[in-house]
Amino acid sequence: MTSREDCLARDQADPLACLRGLFDLPDGTLYLDGNSLGVLPKATAARVQEVVRHEWGVDLIKSWNSAGWMDLPRRVGDKIAQLIGAGPGEVVVADSTSVNLYKVLMAAARLQQERSHERRVIVSERSNFPTDLYIAQGVCEPLGWELRLLDAHELEAGFAPDTAILLLTHVNYRTGRMHDMAHLTRLAHECGALAVWDLAHSAGAVPVDLTACEADYAVGCGYKYLNGGPGAPAFVWAHPRHADRFAQPLSGWLGHVAPFEFSPHYTPAPGIARYLCGTPPVLSLAALECGVDTVLAAEPHGGLSALRAKSLALSELFVQLVDTRCAGHGLTVVSPRDAGRRGSQVCLSRAEGGYAVVQALIARGVIGDFRAGDSRTPDILRFGLTPLYTRYVDVWDAVEHLRQVLQDGEWQRPEFHRRQAVT
Ligand SMILES: *Cc1c(COP(=O)(O)O)cnc(C)c1O
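The rules behind each value
Every chain's residues receive numbers from 1 upward, in the order its sequence appears when written. Predicted model: local features are reported for residues with pLDDT of at least 70 only, side-chain atom pairs are reported and counted for 80 or more only, and whole-chain, interface and lining totals are derived from all residues. Excluded from the side-chain calculations are hydrogens and water; all other atoms, namely the structure's heavy atoms, are used. UniProt positions are given in the numbering used here, feature names are shortened, and annotations may be inferred rather than shown by experiment. Labels follow the DSSP assignment, with helices taken as runs of H or I lasting at least four residues and strands as runs of E lasting at least two, numbered in each case from the N terminus. Here, two residues are considered to be in contact whenever any of their heavy atoms come within 4.5 Å of each other. Note on pairing: two strands pair once DSSP finds at least 2 bridges between them. Angular values range over 0 to 180 degrees, each being the angle between N-to-C directions of two axes fitted as lines to C-alpha atoms, with helices fitted over their stretch in contact. Marked domain ranges trace back to an automatic or database domain assignment. Here the buried area means the combined drop in accessible surface, using a 1.4 Å probe, for two parts upon being joined, counting both sides. Salt bridge criterion: a side-chain nitrogen from Lys or Arg within 4 Å of a carboxyl oxygen from Asp or Glu. Counting of polar contacts relies on pairs of N or O atoms within 3.5 Å, with two restrictions inside protein: one atom must be capable of donating a hydrogen and the other of accepting it, and residues adjacent in sequence are counted only when both atoms are side-chain atoms. Charged means Asp, Glu, Lys or Arg here, nonpolar means Ala, Val, Leu, Ile, Met, Phe, Trp, Tyr, Cys or Pro, and polar covers whatever is left, Gly included. For this analysis, a nonpolar core means a set of buried residues of the types Ala, Val, Leu, Ile, Met, Phe, Trp, Tyr and Cys, connected via side-chain atoms within 4.5 Å. Categorising residues by exposure relies on relative accessible area from a 1.4 Å probe, with only protein chains included: less than 20% of the type maximum marks a residue as buried, more than 50% marks it as exposed, and the intermediate range marks it as partly exposed. Nearness is judged by heavy atoms alone; a residue qualifies as near a molecule or strand once a single heavy atom is within 4 Å of it. For the accessible areas, the method is Shrake-Rupley and the probe is 1.4 Å, while residue cover comes only from the protein chains on display. Within 6.5 Å between ring centres, the rings of Phe, Tyr and Trp (the latter by its six-membered ring) count as paired, and their orientation is classed by plane angle as stacked under 30 degrees, edge-to-face over 60, tilted in between. Whether a charge sits over a ring depends on NZ of Lys or CZ of Arg being within 6 Å of the ring centre and within 35 degrees of the ring normal.

A. Fine view of the UniProt feature "modified residue: N6-(pyridoxal phosphate)lysine" (unreviewed entry) in the protein. Within the UniProt annotation, "modified residue: N6-(pyridoxal phosphate)lysine" (unreviewed entry) is assigned to Lys 224. Its location among the elements puts Lys 224 in the loop between β7 (217–220) and β8 (234–238). In this view, Lys 224 contacts Gly 34, Asn 35, Ser 36, Gly 38, Ala 200 and His 201; residues no more than four positions away in its chain are not counted.

B. Quick look at the sheet that holds strand β3 (residues 121–125). Strand order across the open sheet formed by seven strands is β2-β8-β7-β6-β5-β3-β4, with mixed pairing between neighbours. Edge positions in the open sheet fall to β2 (91–94) and β4 (146–150), since each of these has one partner strand only. Along the sheet, successive strands turn relative to each other by an average axial angle of 20 degrees, direction set aside. Relative to β7, strand β6 (residues 194–198) runs parallel, the two sharing three bridges. Considered in β7, the bridge of Asp 198 is made with Val 219.

C. How the structure looks around the domain arrangement of the protein. When its domains are assigned, the protein resolves into domain 1 (4–41 + 303–417) and domain 2 (68–296). One C-alpha centre belongs to domain 1, the other to domain 2; they are set 29 Å apart. Each partner contributes to the interface: domain 1 provides 34 residues, whereas domain 2 provides 26 residues. Among the residues domain 1 hides against domain 2, the three largest losses belong to Leu 304, Arg 341 and Arg 376. Together they make up 22% of the total. The tally of links from domain 1 across to domain 2 stands at one salt bridge. There are 11 residue pairs in polar contact (both at pLDDT 80 or more) connecting domain 1 and domain 2. When residues of the side of domain 1 that touches domain 2 are assigned to their parent elements, the largest contribution, four residues, is made by helix α11 (residues 303–325). Here the residues of the side of domain 1 that touches domain 2 sort into 15 nonpolar, 13 polar and six charged.

D. Spatial organisation of the nonpolar core. Within the largest apolar cluster, 59 residues are counted, with the highest numbers of intra-cluster contacts made by Ile 84, Leu 199, Leu 210, Leu 226 and Phe 235. Ranked by the residues each element gives to this core, the list is headed by helix α10 (residues 282–296), at seven residues. Among the domains, domain 1 (4–41 + 303–417) and domain 2 (68–296) are the pair contributing at least three residues each to this core. Sequence-distant contacts of Ile 84, that is, excluding residues within four places in its chain, are made with Val 91, Leu 199, Ala 203, Val 208, Asp 209, Leu 210 and Phe 235. One finds Leu 30, Phe 318, Val 346 and Phe 370 within the second-largest nonpolar core, a separate group that totals 37 residues.

E. Looking closely at the site of the ligand. Surveying the vicinity of the ligand reveals the residues Ser 96, Thr 97, Ser 98, Phe 129, Thr 131, Asp 132, Thr 169, Asp 198, Ala 200, His 201, Tyr 223 and Lys 224. Thr 97 places a main-chain nitrogen or oxygen 3.5 Å from an oxygen atom of the ligand. Between the ligand and His 201 there is a distance of 2.9 Å, counted from an oxygen atom to a side-chain nitrogen or oxygen. Relative to its unbound accessible surface of 380 Å², the ligand loses 86% to contact with the protein.

F. Structural detail: unusual backbone geometry. Located in the positive-phi region is Leu 60, a residue other than glycine, with phi close to 45 degrees. The topology assignment puts Leu 60 in the loop between α2 (42–56) and α3 (63–66). Positive phi values are uncommon outside glycine, yet Glu 214 reaches one of about 60 degrees. Structurally, the position occupied by Glu 214 is in the loop between α8 (210–213) and β7.

G. Highlighting the packing of aromatic side chains. Taken as a whole and judged by the stated rule, the model has eight aromatic pairs. Judged by centre distance (4.9 Å) and plane angle (85 degrees), the rings of Phe 129 and Tyr 173 are edge-to-face. Of this pair, Phe 129 sits in the loop between β3 and α6 (130–143) while Tyr 173 sits in the loop between β5 (163–169) and α7 (181–190), and the two are 44 residues apart along the sequence. Given a relative accessible area of 33%, Phe 129 falls into the partly exposed group. In this structure Tyr 173 comes out as buried when scored by relative accessible area, which is 12%. Through successive ring pairs, a cluster of aromatic residues spans Trp 253, Phe 260 and Phe 262. Positioned over the ring face of Phe 129 is Lys 224, at 5.4 Å from the centre of the ring. We note Arg 419 situated over the ring of Tyr 355; from NZ or CZ to the ring centre the distance is 4.1 Å.

What follows is the structure, given as structure tokens:
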């Protein structure tokens, strides 16, 4: 049986342990929610301060040129590209994940409409993140298209001659289940559909190779595993074979080929730059760049494959400790036990009191989160295991807190049952 000392020894031997020093982790907090909001990098406050005080405060509008503000969406995009198997010049940072999803779904829909009017269905997963489904509904409605929702196990056989677009989130936000991107993209292409991937729970946590998978479009989130800060802007990628053929539905001036010619007519910029819409959020981009740099800092230590190996080791340990030390407390592991199909989080369910158990853990400084179920899916207790800053001993301690919360009935206290606005 694994002991706390074993975990401390694993931390001692961990080649990625030094990366934790890049983060400002508050004392007394055991943070297992990096899949929702990544931790503050140490570099961020000083960098944002520099941008505010010097680039904005002193150089003012000159900074669009002198401080490279105008290039930020592409510069940070190039850094993110390295994490998702995209080439330089293929990714930009702009807007939110929701907005970028709208852009790429509209782009894909236009391409399909040029080919055939028989294809008018977007296939997605019933348990996809709600904003993805809402945006897809918003795309389908004016086109007279249909959004067809399937369960994960129905996807492989779910393509039909009317399928225009497959829209999936690579790692499911509730269960942590990871799709086989290469395989599903191939199936989509075989039936003539385009594949759009949401990398919100993948970028910076699991290796992704958009180019090798031949994916068509991708979007992803800046504030989760990329540590960009609350509401950080998101990223967007189009396969180069589509990049110049895309009519940007949000045809803003910064996606124009020459914004400062102030032409009355919209001509899109070549390539991915046309996915920009309005003025870039410079302060947020500066913070996001610091966050992306923390992931790139793993490069000399084995990069994303080393991060992936550690993430799986952390989640294996979590599952093993829950199985052994919390046995008999009604917990079920909802995430796939097969490591190859699991993202960087472990999700548990419990027939009763899931919300209160998470609240009791938070009161002890162990931060996970809760996602309510419905008639088809259970309530979920969610624990993100971010390999950049989570230690093996943190996993041991978190499960020990969980054991105590359940064993002593601490979760039954009334204060843990009051609902907060954000769960
Ligand atoms: C977090 C997340 C989003 C977030 O979208 P915003 O536009 O940033 O609010 C979108 N999709 C998925 C799958 C996510 O996990």
